[in-house]
Structures are given as structure tokens and as C-alpha cells.
Amino acid sequence: MEEYAREPCPWRIIDDCGGAFTMGAIGGAVFQSVKGFRNAPSGINKRLLGSLMAIKQRSPIIAGNFALWGGMFSTIDCTLVHLRKKEDPWNSIISGAATGGILAARNGLPAMAGSAIIGGVLLALIEGVGIFITRISAEQFKPHSFAQDPNTLEQESHSQAL
């Protein structure tokens, strides 16, 4: 089974930035379509037109914000990989905290601290779930310990049947 290998660091930033832009564009289009539909005047044509206008106006902004977050996160992650000389979940957690703090810098020190804590906790949860799923899925590929003698296995199954 092949394992998914990530791009090397300079290209990883561009790849993550593009992926985040795509997620922001799709998610923003879905969210803005619902929001535009609900806020438009009554009548199905007006509501569909309101939905379309909301998508055209706000989705590119949301996609750009996602791309900015993804690019900054990936840049900090690659910097940490270079400085620490290893890839582990701590890089992602620190990157999430630093990205949250940097993006909130214009709002002052309390907002920076709050956003950094939220970013770090969010990434810690994501990394924790990833590790948990990896361990659970590894259990199903673990070899079972059978008795060396096939007769012993037959005797155990026969005794259980009785």
C-alpha cells in the first residue's frame, strides 16, 4: 500500500495555498448561495438572482482569505521543518497557533493571543484525531497470533463448540 507523500517544502506552500483557495471558493459559494437566497426579496427568480449575486461578490474574498491562511500556515510549517529537522504533529500545532496570532495582529495583543490559542487548539484536535484514526486503522492490519501447531487451533475450536 502506497503512502501519500507530500511535496517538498517550496512546492508544498504553493500546493497548500491552491488547495485552500479551492476549498474557500467551493465552501464560500455554498455558504453565500444560501445566505443570498435567504436575504433576497420574495419570489423564486429574485431569490435565485440574489443567491448568484452573493456568490459573485463574496466567494472570491472568502477563497482569498482561505488561500492566505493556507499559504501562511504552510510557510510556517516548512520553516519549522527546516529549523527542527523533523516532521511531527508539533510543527502543525505551532504553525496553527502562529498563523492565528499573525492574522489577528492588527486587532491588538489580546486578539492575537486568543487567535493563537484557538489556532493551536484547533490544530491539536485535528492532529489528535489523525493520530487516533491512524492507530485504529493500524490495528486491523496487525497480524494475529495463532498457535504454532494447527492441531491446537482445531482442538480449541472443537472444545468451544462443545
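Residues numbered from 1 in each chain as written. Predicted model: local features only at pLDDT ≥ 70, side-chain atom pairs only at ≥ 80, totals over all residues. Heavy atoms only, no water.

If you tally the helices and strands in the protein, you get 5 helices and 0 strands. Within the protein, the proportion of its 162 residues that are buried is 22%. Split by element, the accessible area of the protein, about 12,000 Å² in all, is 66% carbon and sulfur. (Helix = DSSP H or I, 4+ residues; strand = E, 2+ residues; numbered from the N terminus. Buried < 20%, exposed > 50% of the residue type's maximum accessible area, 1.4 Å probe, protein only. Areas by Shrake-Rupley, 256 points an atom, 1.4 Å probe, with all protein chains shown as cover.)

This part takes up unusual backbone geometry. We note that Lys 85 has phi near 60°; this positive angle belongs to a residue other than glycine. By the element assignment, Lys 85 lies in the loop between α2 (44-84) and α3 (89-103).

Between its first and last C-alpha, helix α1 (residues 9-39) extends 43 Å over 31 residues, near the 45 Å set by a 1.5 Å rise per residue. Among all positions in α1, only Arg 12, Ala 20, Gly 24, Gly 28, Gln 32, Ser 33 and Gly 36 are buried. On its buried face, α1 is in contact with α2. (Expected span 1.5 Å × (residues − 1). Contact = heavy atoms within 4.5 Å.)

Along the chain, Asp 77 turns up in helix α2. Setting aside anything within four residues of it in sequence, one finds Asp 77 in contact with Arg 6, Arg 12, Asn 91, Ser 92 and Ser 95.

Further remarks concern the packing of α3 against helix α4 (residues 109-139). Where α3 contacts α4, the axes come no closer than 6 Å and their chain directions differ by 155°. One finds that α3 runs roughly antiparallel with respect to α4. In this structure, the crossing between α3 and α4 has a hand that is right-handed. Contacts between α3 and α4 involve Pro 89, Ser 92, Ile 93, Gly 96, Ala 97, Gly 100 and Gly 101 from the first element and Met 112, Ser 115, Ala 116, Gly 119, Gly 120, Leu 123, Ala 124, Glu 127 and Ile 131 from the second. A class-by-class count of the residues in the contact of α3 with α4 yields 8 nonpolar, 7 polar and 1 charged. (Axes fitted to C-alpha atoms, helices over the stretch in contact; angles between N-to-C directions. Parallel < 35°, antiparallel > 145°, perpendicular 65-115°, else oblique. Left-handed = near helix turned anticlockwise from the far one by under 90°. Nonpolar A, V, L, I, M, F, W, Y, C, P; charged D, E, K, R; others polar.)

With that settled, consider a nonpolar patch on the surface. The grouping of Val 129, Phe 132, Ile 133 and Ile 136 at the surface amounts to a nonpolar patch, some 410 Å² of accessible area in total. Position of Ile 133 among the secondary structure elements: in helix α4. (Patch = residues over 30% accessible without salt bridge, like charges linked within 9 Å, V, L, I, M, F, W, Y side chains within 5 Å. Salt bridge = Lys/Arg side-chain N within 4 Å of Asp/Glu carboxyl O.)

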